[in-house]
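# Overview (structure and organization)
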Amino acid sequence: MLDDPFDLVMPRTHRLARRRRISVADLASEGWLLPDFGPDSPSLQMIHRRCAAAGFEPRIVFRINDCQMTQAMVAAGFGVALLPRLMLRLPHPGVAIKALDRDPPIRRVCALRLPTRFLTPATERFLALLVVASAPYGRRPE
């Protein structure tokens, strides 16, 4: 349905908050608030890969499973986070949201169904509505 880019979330008063774009390497000395969905979490693995490619391992200060709580803790100055843009539609007033300088990580948002299963008219209509509803929020996967 769409590709949802991850954006950097930092305190509004952060030293880098006035920059238009920021690289992952700029964040090497920061404390990180990371998701806690287990070591196999695609988001967690993506963040670790991005930091490793920039030459550092993130210094994890908190693991949080809630995007609103993550934003509140970032606003309070506990660290920075990478969150999917769809989760940032209602930003906390104390955070700055920045795009990464190049090649932002994405999560692919999909609706899947088994091709061997009957597609009811209600399911077909629901899938069509999902496609329409997702259109304003991101680019379609290629």
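Attention in this report is confined to the structure presented alongside it. (Residues numbered from 1 in each chain as written. Predicted model: local features only at pLDDT ≥ 70, side-chain atom pairs only at ≥ 80, totals over all residues. Heavy atoms only, no water.)

### Looking at the overall build of the protein chain
For clarity, the cut-off: Helix numbering and strand numbering both begin at the N terminus, where a helix is a DSSP run of H or I of at least 4 residues and a strand a DSSP run of E of at least 2. Relative accessibility thresholds used throughout: buried, under 20% of the residue-type maximum; exposed, over 50%; partly exposed, between the two (1.4 Å probe, protein chains only). When checking whether two residues touch, look at their non-hydrogen atoms; a contact exists if any pair is within 4.5 Å. Residue-level accessible areas treat just the shown protein chains as cover; the underlying method is Shrake-Rupley with a 1.4 Å probe. Positive charges come from Lys and Arg, negative ones from Asp and Glu, while His and the chain ends are left out of the count. Here the site of a charge means atom NZ of a Lys, CZ of an Arg, CG of an Asp or CD of a Glu.
The helix and strand tally for the protein chain stands at three helices and seven strands. Going from N to C terminus, the protein chain has its helices and strands arranged as β-β-β-α-β-α-β-β-β-α. In terms of its C-alpha atoms, the protein chain occupies a principal-axis envelope of roughly 55 × 30 × 25 Å. Here the protein chain holds 142 residues, and 35% of them are scored as buried. Within the protein chain, contacts between residues separated by at least 24 positions form 70% of all contacts whose residues are at least 6 apart in sequence. Split by element, the accessible area of the protein chain, about 8900 Å² in all, is 56% carbon and sulfur. The distance from the centre of the 21 positive side-chain charges to the centre of the 13 negative ones in the protein chain is 5 Å.

### Structural notes on the nonpolar core
Among soluble globular proteins, nonpolar side chains are generally buried collectively. Rule in force here: Definition of nonpolar core: a set of buried residues of the types Ala, Val, Leu, Ile, Met, Phe, Trp, Tyr and Cys, connected through side-chain atoms within 4.5 Å.
Within the largest apolar cluster, 19 residues are counted, with the highest numbers of intra-cluster contacts made by L8, M10, W32, I47 and L82. Mapped onto this core, the elements with two or more residues apiece are β1 (2–11), β3 (31–34), α1 (42–53) and β6 (95–100). A total of four residues in this core trace back to one element, the largest contributor, which is α1. Formed by nine residues, the second largest nonpolar core is a distinct cluster that contains V9, M73, V74 and V95.

### Quick word on the pattern of salt bridges
Here is the rule: Any carboxyl oxygen of Asp or Glu that lies within 4 Å of a side-chain nitrogen of Lys or Arg is treated as forming a salt bridge with it.
This model, assessed by the stated rule, comprises six salt bridges. With its nearest N and O atoms 3.8 Å apart, the salt bridge here joins D103 to R50. Here the residue D103 occupies a position in the loop between β6 and β7 (106–109), and R50 occupies one in helix α1, the gap between them amounting to 53 residues.

### Quick word on the pairing of β3
The side chains of a regular strand alternate between both faces of the sheet. Cut-off, in case you're wondering: When DSSP locates at least two bridges between a pair of strands, those strands are taken to pair. Look down the strands so they point away from you; if the path from the first strand over the helix to the second goes clockwise, the crossover is right-handed.
Side-chain alternation along β3 places G31 and L33 on one buried face and W32 and L34 on a second face that is also buried. Relative to strand β4 (residues 59–63), β3 is paired through four bridges, and the arrangement is parallel. For W32, the partnering residue across the bridge sits in β4 and is I60. With α1 bridging β3 and its parallel neighbour β4, the resulting β-α-β unit is right-handed.

### Looking at the side chain of D7
To keep things clear, this is the line we draw: What qualifies as a polar contact is a pair of N or O atoms within 3.5 Å, subject to a donor-acceptor requirement within protein and to the restriction that residues adjacent in sequence count only when both atoms come from side chains.
Note on placement: D7 falls in strand β1. For D7, a relative accessible area of 5% corresponds to the buried category. Here the side chain of D7 touches R85 through a polar contact of 2.7 Å, side chain to side chain. What D7 contacts, discounting residues up to four positions off in sequence, is A81, L82, L83, R85, L88, I97, K98 and A99.

Function-wise, these values are silent; they only describe arrangement.
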